[in-house]
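For reference, the chains in residue letters:
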Amino acid sequence: LAAVGTATTCALLALRSARRTRRVAPDAQRYAAVVESASDAVITIDREQRIVVFNAAAEHLLGCPREQALGTSIDRFIPTAIRPRHALWVAEFGRRSGVPRAMPAAGRDVRALHADGREIPVEASISTTVEPGPDGRGRLYSVVLRDISRRKAAEAELHRISERYRAI
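What counts, and at which threshold
- Residues numbered from 1 in each chain as written.
- Predicted model: local features only at pLDDT ≥ 70, side-chain atom pairs only at ≥ 80, totals over all residues.
- Heavy atoms only, no water.
- Helix = DSSP H or I, 4+ residues; strand = E, 2+ residues; numbered from the N terminus.
- Buried < 20%, exposed > 50% of the residue type's maximum accessible area, 1.4 Å probe, protein only.
- Contact = heavy atoms within 4.5 Å.
- Salt bridge = Lys/Arg side-chain N within 4 Å of Asp/Glu carboxyl O.
- pLDDT = per-residue confidence, 0-100.
- Polar contact = N/O pair within 3.5 Å; in protein donor to acceptor, adjacent residues only side chain to side chain.
- Core = buried A, V, L, I, M, F, W, Y, C linked by side-chain atoms within 4.5 Å.
- Pairing = 2+ DSSP bridges.

**Q** Which residues make up the overall build of the chain, and what values do they have?
**A** Per the secondary structure count, the chain includes six helices and six strands. In the chain, the succession of helices and strands from N to C terminus is α-α-β-β-α-α-α-β-β-β-β-α. Here the chain, with 168 residues, has 37% of them falling under the buried criterion. Partitioning the intrachain contacts of the chain with sequence separation of at least 6 by distance along the chain shows that 49% fall at a separation of at least 24.

Structure follows, in structure tokens:
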């Protein structure tokens, strides 16, 4: 997952640079194709936490068309109860390093907010990159989200069966 997040960020940087010069390099096109065809949701936000990349899998997972997501705050896909902590996590992550890693700490459930209001259990991997530019302020954060709803349902069913077995 983390490698896909890093590749996503590299592709974004190449595409943004190419757009400024009105040409798109073949490598940037390949990376963009990988991001778009990924089976996991790929979302990239800027330093103001506005969405700048939202692939087809993100549209499907979060129930929101790309056109409605781009340029908006990532908060719309974060459950209300954890929004204040999320902003702190992102800030801390940006200060620590650009090394891809899972977020938050292992063992915690991470949840995303579907457009219809449902919370979705997900695994998240995040990476950060500083986009080159005249002001040097272009920090981007890419996250790869994997829906783990089926796994969580199977774990709950296994727990239910196990409890029933113990009762017998």
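**Q** Describe the pattern of salt bridges, naming the residues involved and giving the relevant values.
**A** Should their charged atoms come close, side chains of opposite charge can pair. Evaluated as defined, the whole model comprises 13 salt bridges. A salt bridge links Asp 40 to Arg 146; the shortest N-O distance between them is 2.8 Å. One end of the pair, Asp 40, is in the loop between α2 (26-37) and β1 (41-45); the other, Arg 146, is in strand β6 (residues 138-147), with 106 residues separating them in the sequence. Since its relative accessible area comes to 35%, Arg 146 is described here as partly exposed. Residues Asp 116 and Arg 118 are paired through a salt bridge, measuring 2.9 Å at the closest nitrogen-oxygen approach. A residue is classified by how much of its surface remains accessible, and Arg 118, at 45% relative accessible area, is partly exposed. One network of salt bridges, in which partners are shared, links Asp 46, Arg 47, Glu 48 and Arg 50.

**Q** Please provide a residue-by-residue account of the confidence of the model for the chain, values included.
**A** Here the chain averages 78 in pLDDT, and 70% of its residues register 70 or above. In the model, residues 1-6 has pLDDT below 50 throughout and makes 14 contacts with residues more than four positions away in sequence or in other chains.

**Q** With reference to specific residues and values, describe the side chain of Thr 44.
**A** For Thr 44, the position within the fold is in strand β1. Overall, the relative accessible area of 0% leaves Thr 44 in the buried class. Within the local environment of Thr 44, its side chain forms a polar contact with the side chain of Ser 142, the two groups lying 2.8 Å apart.

**Q** Pulling in residues and values, what's your account of the nonpolar core?
**A** Core analysis: the largest hydrophobic core is formed by 25 residues, its most contacted members being Ile 43, Ile 51, Phe 54, Leu 62, Phe 77 and Leu 145. Contributing elements (two or more residues each) for this core: β1, β2 (51-54), α3 (56-62), α5 (83-96), β4 (110-113), β5 (119-131) and β6. Of all the elements, β5 adds the most residues to this core, at four residues. Counting five residues, the second-largest nonpolar core is a separate cluster that includes Val 35, Ala 38, Val 42 and Val 53.

**Q** Could you give an account of the environment of Ile 51, with specific residues and numbers?
**A** Within the secondary structure, Ile 51 sits in strand β2. The class for Ile 51 is buried, based on a relative accessible area of 2%. Placed 20 residues apart in sequence, Ile 51 and Gly 71 show a C-alpha to C-alpha distance of 5.1 Å.

**Q** Lay out unusual backbone geometry in plain terms, naming residues and giving numbers.
**A** Its identity as a non-glycine residue notwithstanding, Gln 49 has a phi of 65 degrees, on the positive side. Within the secondary structure, Gln 49 sits in the loop between β1 and β2.

**Q** Give me the lowdown on the pairing of β1, citing residues and values where you can.
**A** Of all five residues in β1, five are buried, a share of seventy percent or more. By the alternation rule, side chains of β1 split into Ala 41, Ile 43 and Ile 45 and Val 42 and Thr 44, which are all buried. Where β1 lies against β6, five bridges are found, and the strand directions are antiparallel. In the sheet register, Ala 41 faces β6, and the bridge partner there is Leu 145. When β1 meets β2, the two strands line up antiparallel, connected through three bridges.

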